[in-house]
Amino acid sequence: SSGYGIYLSTTAYNNSVYSNKVNTSGFGGRGIYLSTTAYNNSVYSNTITTSGSVNGYGVELDSTAYSNSVYSNTITTSGDSGIGVYLISTAYNNSVYNNTITTSGGSAFGVELDSTPYSNSVYSNTIATSGNFGYGVALFTTAYDNSVYNNTITISGTLGYGVYIFDTAYKNSVYSNTITTNNTK
């Protein structure tokens, strides 16, 4: 079953989530989850650890979450599929910065933007991924107008990408990142 450390939902706004130690495990665990038009929230200075068989997310912004800031967190995920910060389902105008993100497992994503996220900024993060498939920052399924810059990304494992832009993503800016890949095909 899914477990959420902290869950902000249904138009939650102007909240600050900070200085927490959040540990989740099991199927679909989320450390901090902002959903259903959550806006103007700040998530900072948290230590988040997720592990489990499938889909462990450190911080997830979902279902039109907008104008939120995720910064200065230490995020560690492991399991079959781990994502440090996940922006999905029309998440827009969010900032993800100054985080330290470590992911490992079958598929490991530092930051993933999927299902029409737009106008988000991902910058000044330190990201390390390892596993069969490692992605520092991934932009999928019509991700557009997003900026990815000044990140330090280290990828190790079987197959890895510092920044991965899927063929339906468009008008994104990727610049001034430092990317190192080790032991990848």
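It should be emphasised that the depicted structure is a prediction, and the values quoted were computed from it without experimental measurement. (Residues numbered from 1 in each chain as written. Predicted model: local features only at pLDDT ≥ 70, side-chain atom pairs only at ≥ 80, totals over all residues. Heavy atoms only, no water.)

Peer 1: Any chance you could break down the environment of S104 for me, citing the residues and the numbers?
Peer 2: Along the chain, the position of S104 falls in strand β12 (residues 100–114). Sequence-wise, S104 and S81 are 23 residues apart; in three dimensions their C-alpha atoms are separated by 7.9 Å. With near-sequence residues (within four places) excluded, S104 lies in contact with T77, S78, G79 and S130. (Helix = DSSP H or I, 4+ residues; strand = E, 2+ residues; numbered from the N terminus. Contact = heavy atoms within 4.5 Å.)

Peer 1: Describe in detail the sheet that holds strand β2 (residues 16–18), supporting the description with residues and values.
Peer 2: Across the sheet, which stays open at both edges, the seven strands sit in the order β2-β5-β8-β11-β13-β15-β17 with parallel pairing between neighbours. Each edge of the open sheet carries a strand with a single partner, namely β2 and β17 (173–175). For this sheet, the mean inter-axis angle between neighbouring strands, taken without regard to orientation, is 5 degrees. Where β2 and strand β5 (residues 42–44) come together, three bridges link them in parallel fashion. Residue pairing in the sheet places Y18 in a bridge with Y44 of β5. (Pairing = 2+ DSSP bridges. Axes fitted to C-alpha atoms, helices over the stretch in contact; angles between N-to-C directions.)

Peer 1: Outline the pattern of salt bridges, supporting the account with residue identities and numerical values.
Peer 2: One pass over the full model with this rule turns up one salt bridge. A salt bridge links R30 to E60; its shortest N-O distance comes to 2.4 Å. Separated by 30 residues along the polypeptide, R30 in strand β4 (residues 30–34) and E60 in strand β7 (residues 56–61) bring together distant segments of the chain. No difference in accessibility class separates R30 from E60, as the two residues are buried. (Salt bridge = Lys/Arg side-chain N within 4 Å of Asp/Glu carboxyl O. Buried < 20%, exposed > 50% of the residue type's maximum accessible area, 1.4 Å probe, protein only.)

Peer 1: Describe the pairing of strand β10 (residues 81–88), listing the residues and the values that go with them.
Peer 2: With eight of its eight residues buried, β10 lies for the most part within the structure. The pairing of β7 with β10 spans five bridges and is classified as parallel. Across the sheet, residue L61 finds its bridge partner in β10, namely L87. With seven bridges connecting them, β10 and β12 associate as parallel partners. Bridge pairing links I88 to D114 in β12.

Purely spatial values, then, with no claim about function.
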